[in-house]
Amino acid sequence: MSLKIKQDHGRFKAIVRGKIKQNLRKFIQKGEMIGKQGKELITIPLPTIDIPHFRYGAKQQGGVGQGEGEVGQSLGPGEEQPGEGGGKAGEGEGQHILEVDVSFDELAEILGEELQLPKIEPKGTDRIITEKTKYTGINTVGPESLRHFKRTYKQALRRQIASGTYTPDRPVIIPFREDRRYRSWKMTPLPEAAALIVYIMDVSGSMGDEQKEIVRIESFWLDTWLRHHYKGLSSRYIIHDAVAREVDRETFFHTRESGGTMISSAYKLAAEMIEQDHPSHSWNTYVFHFSDGDNWSADDTRICLDIVKERILPHVNLFAYGQVESPYGSGQFIRDLRESYEGEERVALSEIADKEAIYGSIKDFLGKGQ
Amino acid sequence: MAAFRNRSLPPRLADLEQEIKGYAKEFGLDFYEVIFEMLTYDEVNMVAAYGGYPNRYPHWRFGMEYEQLSKGYEYGLSKIYEMVINNDPTYAYLLESNPEVDQKLVMAHVYGHGDFFKNNFAFQHTNRKMMDEMANHATRVRRLIDQHGVEKIEDFIDRCLSLENLIDYHAPYIKRGLSVDLEAPDETPAQGLRNEREYMGQYINPQTYLDELERKATEERERTRRFPDRPQRDVLLFLLDYAPLEPWEQDILSIIREEAYYFAPQGMTKIMNEGWASYWHSTIMTTRALRDSEIIDYADHHAGTMSMRPGSLNPYKIGIELFRDIEERWNTGRFGREWEECDSLPERRSWDKQLGLGRQKIFDVRKLYTDVTFIDEFLTPEFCIEQKLFVYDYNDKRQTWEIATRQFKAIKEKLLHQLTNFGQPIIEVVDANFENRAELLLVHKHDGIDLKVDHAHHTLQNLQSLWRRPVSLYTRLDGKSVILRFDGKEHSEHKADL
């Protein structure tokens, strides 16, 4: 039985969705919700949608409570009135923090709507499409090899009984052409747009915790968006200082190394990875590189540019470079990239000054719909 | 109740119902016919979200309630045991999955509520056919939605709800006096220019000029005459009468107002009502209905209902303890002049006049009091100490809430303040032609606590959208008198004295 309240419930959810939309910028800046993600749902804390009233401000108000305690004893910090919002249901109007579950898909949709991100067209006409055959029904025509014996027999039996030619003493059933039944099948195309994200992060001494937090938040959103478009998305992580190595997700976000920066090492590794494991005709590849833009030397930068041009760009949908501002970085690298790849479709460059800039940066990266 | 499948009680519970009802009658409880219905938790959550009614107009906030209730239930944080609605017959809901002892307890509790609804004076004006009325409201709103679209209607309901506490909570019980002009308007005829030579009179102040002056003066008097002539606390009624509303807007606003008045007595008697029902479930269960095997479960459940958490006041607990205290005091004769004037502690401790008036007294109290008068009259210093009551406040320096005092006077004052006017600030319409520009002026009767400013702004916006012309609110913020004004586009705030 469906309850009448479902309609109001749906309506409420729609409003919440709008609310999430309005506050998306705020949510994106905050990393906190990322920690909370479950398997398919993410929990977003949302202040109750409060209908405004003329009401008392809390601070001067206080109230009467019940329990042990000396005068002057604290009841708990913060703005909230203590003890409100609990107890037996139907009691008073408390101020609740409402938590809403949103699925990743929905989150991506909201993200897309709000940032006006173009839908991604998986590249290549010869995407792998596996077709799955499934016998779904019965048909009156078909190849003899698929004749459904039981159904055919039944049909013939039915006809014979109806027409009175069936004698129980001599139960011979002779199927006619019209009695024959065949299995019918359906082909379901399973598009397998395989996608790969390669995250590269500079973990040299100049990348502080704050910078990494930015990378973490931003890659969460990039992940969410791309996952929405590709089934079977795989991610690989590369960290580098003067040398590069592939790591797992956990390490990626939590390592802090020190030392110099040779970006070319990471690009080389990424290029090898793509060439060996992920041939471009069947993979949609995305490379996101985050750094503070301080490379070892101009020579190395030149090598980088070459690798990007010859070994990475031809194989990827998007090569994105995000430069996180740090007090130590010179930020030269983005200028070099910009000089070389001005107007290149597959290159997205973005400077991320602080957490607030993440919002814009996501748009820089994904706004091209590559 | 056609929306539900068959909800009548299974035979076992129907027997229990008869049994408990018998005890309730035996104790002298007096209620309308009570109809129990059995609901699944999903249905209970729905009905609770609707405020107890199976049929309400569509609105998202019910969905929000539902979300919270069902989450709370799923996570095992809260569970609704009982729901009763003030109606004739009185409807009450039982949760299907509850164990039998809980059902008994709930039934006993419900008869307490039923008695309270029927007898307490605050409920005498409520519509006892509200079940039907709510359904009618739902139909009316649905029809309006069909005509005008859900967005438009919902938006308007939101705005009305924002104003729903601006009603006169005591209006049903008093006749507000008809308008009487206390100050006679200044009717002295116009004097004209100063003239010390009488013979020049008709030249300095010719009759036509005097007539002109007279006319202007009359106009001026007309103009300054306030409308409404005395402050109106029922702001919703005022809007219904005088705001330029479309018929459908009128309809919705009147629905919201009617429901607000219907629910008001329940807000005004929260402590008493829950206390009374708890008193009776406790009495009926412990003296009559409880079987030996059920004692542990009952005690556990009862303790859960009565539990207090630091920093919050449980109306069930305060209510039941106060009723018990009253019963005890009137049984032993601890009231009246002799008791008040007795200074000897040992004597007071062993005071017992064997009056046995307790039961009768609490029945009288449940009829004639609301929370405010209940607390005012029966809260005693002894009670506050026994119940460990305290006042808490916000400490700005330490940024925390803390226990401020345990003094009786302070506790009583705070409690009464929380209960007065339903815990809502008192706000009245004072002038519907403010500044002679058909603007609406409301006055907040400041009683030491400022309004929440962001809420006030939004509420003003909603008010303005109904009044159509700019609206102002006179209040005090941080010790200064101010007028908050919203003109339809932007907010302004300026110092002002009325």
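What counts and how
- Residues numbered from 1 in each chain as written.
- Chains lettered and ligands numbered in written order.
- Predicted model: local features only at pLDDT ≥ 70, side-chain atom pairs only at ≥ 80, totals over all residues.
- Helix = DSSP H or I, 4+ residues; strand = E, 2+ residues; numbered from the N terminus.
- Buried ≥ 20, exposed ≤ 12 C-beta atoms within 10 Å, placed from the backbone.
- Contact = placed C-beta atoms within 7 Å.
- Pairing = 2+ DSSP bridges.
- Axes fitted to C-alpha atoms, helices over the stretch in contact; angles between N-to-C directions.
- Core = buried A, V, L, I, M, F, W, Y, C linked by C-beta atoms within 7 Å.
- Expected span 1.5 Å × (residues − 1).
- pLDDT = per-residue confidence, 0-100.
- Right-handed = clockwise from strand over helix to strand, strands pointing away.

**Points about the overall build of chain B**
Here's step 1: Broken down by element type, chain B carries 20 helices and ten strands.
Here's step 2: The buried share of chain B, reckoned over its 498 residues, is 38%.

**Structural notes on the overall build of chain A**
Here's step 1: When you go through chain A residue by residue, the secondary structure sums to eleven helices and twelve strands.
Here's step 2: When burial is assessed residue by residue, chain A has 32% of its 370 residues classed as buried.
Here's step 3: Once local pairs closer than 6 in sequence are excluded, the contacts in chain A between residues at least 24 apart make up 78%.

**Section: the sheet that holds strand β3 (residues 90-95) of chain B**
Residues and elements named next belong to chain B.
Here's step 1: Taken together, three strands build an open sheet; the order of strands is β1-β3-β2 and the sheet is mixed. Every interior strand has two partners, whereas the edge strands, β1 (34-39) and β2 (82-85), have only one. Here the strands of the sheet are splayed against their neighbours by 20 degrees on average, with no regard to which way each runs.
Here's step 2: Two elements, β1 and β3, share six bridges in a ladder whose sense is parallel. Residue pairing in the sheet places I35 in a bridge with Y91 of β3.
Here's step 3: Lying over the sheet, helix α2 (residues 41-49) contacts β1, β2 and β3, oriented at roughly 140 degrees with respect to β3.

**What about the sheet that holds strand β11 (residues 318-324) of chain A?**
Residue and element names in this part refer to chain A.
Here's step 1: Sheet architecture is open: six strands sit in the order β9-β8-β7-β10-β11-β12, paired in mixed fashion. Each edge of the open sheet carries a strand with a single partner, namely β9 (244-247) and β12 (347-352). Going from strand to strand, the sheet's axes swing by 20 degrees on average, the running direction of each strand aside.
Here's step 2: Across six bridges, strand β10 (residues 283-291) lies against β11 in parallel orientation. Note that in β11 the partner of Y286 across the bridge is L318.

**What about unusual backbone geometry?**
All names here are of chain B.
Here's step 1: Cis geometry is adopted by the peptide bond preceding P89, which originates at D88 and carries an omega value of 0 degrees.
Here's step 2: With respect to the secondary-structure elements, P89 resides in the loop between β2 and β3.
Here's step 3: Even without glycine at this site, E435 takes up a positive phi of about 60 degrees.
Here's step 4: Tracing the chain through its elements places E435 in the loop between β6 (427-434) and β7 (439-444).

**A closer look at the nonpolar core**
Here is a general trend for soluble globular proteins: nonpolar side chains tend to be buried in one another's company.
Here's step 1: Counting 119 residues, the largest nonpolar core has V47(B), A49(B), A92(B), A108(B), Y111(B), I252(B) and W280(B) as the members making the most contacts within it.
Here's step 2: Core analysis: the next-biggest nonpolar cluster, separate from the first, contains 58 residues, I200(A), W225(A), A266(A) and W283(A) among them.

**Observations regarding helix α20 (residues 453-467) of chain B**
Residue and element names in this part refer to chain B.
Here's step 1: An ideal rise of 1.5 Å per residue puts 21 Å on 15 residues; α20 measures up with 20 Å between its terminal C-alpha atoms.
Here's step 2: Here α20 has its buried residues at A456, H458, T459, L460, N462, L463, Q464, L466 and W467.
Here's step 3: Where α20 is buried, its residues meet α6 (150-162), α9 (235-242), β7, β8 (471-477) and β9 (480-486).
Here's step 4: Positive phi shows up at R468, right after α20, with a value of about 75 degrees.

**Comments concerning the confidence of the model for chain B**
Residues and elements named next belong to chain B.
Here's step 1: Within chain B, residue pLDDT values average 87, and 93% of them lie at 70 or more.
Here's step 2: Confidence drops under a pLDDT of 50 for residues 178-182, and excluding neighbours within four residues, the segment shows three contacts in the predicted structure.
Here's step 3: Both scores are available for the predicted complex, with the pTM at 0.70 and the ipTM at 0.78.

**Focus on the pairing of β8(B)**
Residues and elements named next belong to chain B.
Here's step 1: Most of β8 is tucked away: five of the seven residues are buried.
Here's step 2: Sheet topology places β7 next to β8; four bridges connect them, and they run parallel. Bridged to L441 within β8 is S472.
Here's step 3: What joins β7 to β8 is α20, and the crossover it makes is right-handed.
Here's step 4: Two strands pair when backbone bridges link them, and β8 and β9 are joined in this way by seven bridges, in the antiparallel orientation. When the sheet's bridge partners are listed, L477 is paired in β9 with K480.
Here's step 5: Between the antiparallel neighbours β8 and β9 lie two residues, among them D478 with a positive phi of about 50 degrees.

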